[in-house]
Amino acid sequence: MLKLIPVLLLLTITAPVWSEESESTEQLKARIAELEQRLNALEEAVAPVLNKIKLEKIVAEQQQLARNRMQQDREIYTIEQLREIESLYQVANRNWRTEQAQQSLEALVEKYKKANRTGCAILYLGQLKSGEEQKKHLQQAIDDFSDCFYGNGVQVGAYARLLLAAHLEQAGDSEAAEKLRDELEKLYPDAIDHQGNFLIDAF
């Protein structure tokens, strides 16, 4: 009985809507349709702002994950080693398509096999190489360095999958490429590129 009381009160309050003096059913439907149209227009206008806020939040979260991963290196390497790692990496980071950059990246990969920057170096090399060498480096980035990050929040495992998928697609292996895209979408839904956009929007 108590459950019926709010319903009865609501009917009492809204009763005038259905009186002879109120709007007809058709007029009421028209007003509802107009309100729905206005609401849809408002949602469309607000959507870009909400999407931007959402993306900014996710970028900040990815950058925090990057800082957390970099912090792990402090438990493995000394201050001197970390400085050398960063020095080798920055040679390539300034202009990573030069011969000097490639040599610096290869030295980093050879000497520091567990560093976060090494994952980024492997991924850089994967973009510098071509053919089987490119495939080899991108696959290594996926297999051994998926948890590494660039400082801007780009995750090596996610980005390597995107690049390797493109490489395989171009080589005619669409099935393997699609598998990598599925992994990217399922494992890294919030992964971003170097411009701060969602990686999954790239395909």
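Structure's up top.
Residues numbered from 1 in each chain as written. Predicted model: local features only at pLDDT ≥ 70, side-chain atom pairs only at ≥ 80, totals over all residues. Heavy atoms only, no water.

Student: Sorry if this is basic, but what is going on with the overall build of the chain here?
Tutor: Helix and strand content of the chain: 8 helices and 0 strands. Taken from the N to the C terminus, the helices and strands of the chain come in the order α-α-α-α-α-α-α-α. Residues classed as buried in the chain amount to 33% of the 203 residues present. (Helix = DSSP H or I, 4+ residues; strand = E, 2+ residues; numbered from the N terminus. Buried < 20%, exposed > 50% of the residue type's maximum accessible area, 1.4 Å probe, protein only.)

Student: What's the story with the pattern of salt bridges in this structure? I'm lost.
Tutor: Close approach of charged atoms lets side chains of opposite charge pair. Counted under the stated rule, the structure contains 10 salt bridges. For the salt bridge of Glu 34 with Arg 38, the shortest nitrogen-to-oxygen distance reads 2.8 Å. Of this pair, Glu 34 and Arg 38 are both found in helix H2 (residues 25-73), 4 residues apart, which corresponds to roughly one turn of the helix. The exposed category is assigned to Arg 38, whose relative accessible area is 55%. Salt-bridge contacts for Glu 86 lead to Arg 117; the nearest nitrogen and oxygen are separated by 2.9 Å. Taken together, the residues span a long stretch of sequence, with Glu 86 in helix H3 (residues 79-94) and Arg 117 in helix H5 (residues 116-128) at a distance of 31 residues. For Glu 86, a relative accessible area of 28% translates into the label partly exposed. (Salt bridge = Lys/Arg side-chain N within 4 Å of Asp/Glu carboxyl O.)

Student: So what exactly am I meant to see when it comes to the packing of H5 against helix H7 (residues 156-170) here?
Tutor: The axes of two packed helices give the description: the angle between them and the distance between them. Two elements in contact, H5 and H7, have axes separated by 10 Å at closest approach and are oriented at 10°. The angle between the axes of H5 and H7 places the two elements in the roughly parallel class. Crossing of H5 over H7 shows left-handed handedness. In contact with Gly 119, Cys 120, Leu 123 and Gln 127 of H5, H7 contributes Val 156, Tyr 159, Ala 160 and Leu 163. Of the residues that constitute the contact of H5 with H7, the class distribution is 6 nonpolar, 2 polar and no charged. (Axes fitted to C-alpha atoms, helices over the stretch in contact; angles between N-to-C directions. Parallel < 35°, antiparallel > 145°, perpendicular 65-115°, else oblique. Left-handed = near helix turned anticlockwise from the far one by under 90°. Contact = heavy atoms within 4.5 Å. Nonpolar A, V, L, I, M, F, W, Y, C, P; charged D, E, K, R; others polar.)

Student: Would you mind showing me how to read the packing of helix H6 (residues 131-145) against H7 here?
Tutor: One can describe the packing of H6 onto H7 by two numbers: an axis separation of 9 Å at closest approach and a directional angle of 150°. Considering the angle they form, H6 stands roughly antiparallel to H7. The two elements H6 and H7 meet at a crossing, and its hand is left-handed. Each of Gly 131, Gln 134, Lys 135, Leu 138, Gln 139, Ala 141, Ile 142 and Phe 145 in H6 lies in contact with H7, whose residues at this interface are Val 156, Gly 157, Ala 160, Arg 161, Leu 163, Leu 164, His 167 and Leu 168. Partitioned by chemical class, the residues of the contact of H6 with H7 number 9 nonpolar, 5 polar and 2 charged.

Student: Would you explain the nonpolar core in this entry?
Tutor: Note on soluble globular proteins: their nonpolar side chains tend to be buried together. Membership of the largest hydrophobic core comes to 45 residues, with the highest contact counts inside it found for Ile 85, Leu 108, Tyr 112, Leu 123, Tyr 150, Val 156 and Leu 199. Going through the elements one at a time, H2, H3, helix H4 (99-111), H5, H6, H7 and helix H8 (174-187) are the ones with two or more residues in this core. At 8 residues, H7 tops the list of elements feeding residues into this core. Discounting residues that sit within four places of it in the chain, Leu 199 has contacts with Ala 158, Tyr 159, Leu 162, Leu 184, Ala 191, Ile 192 and Asp 193. (Core = buried A, V, L, I, M, F, W, Y, C linked by side-chain atoms within 4.5 Å.)

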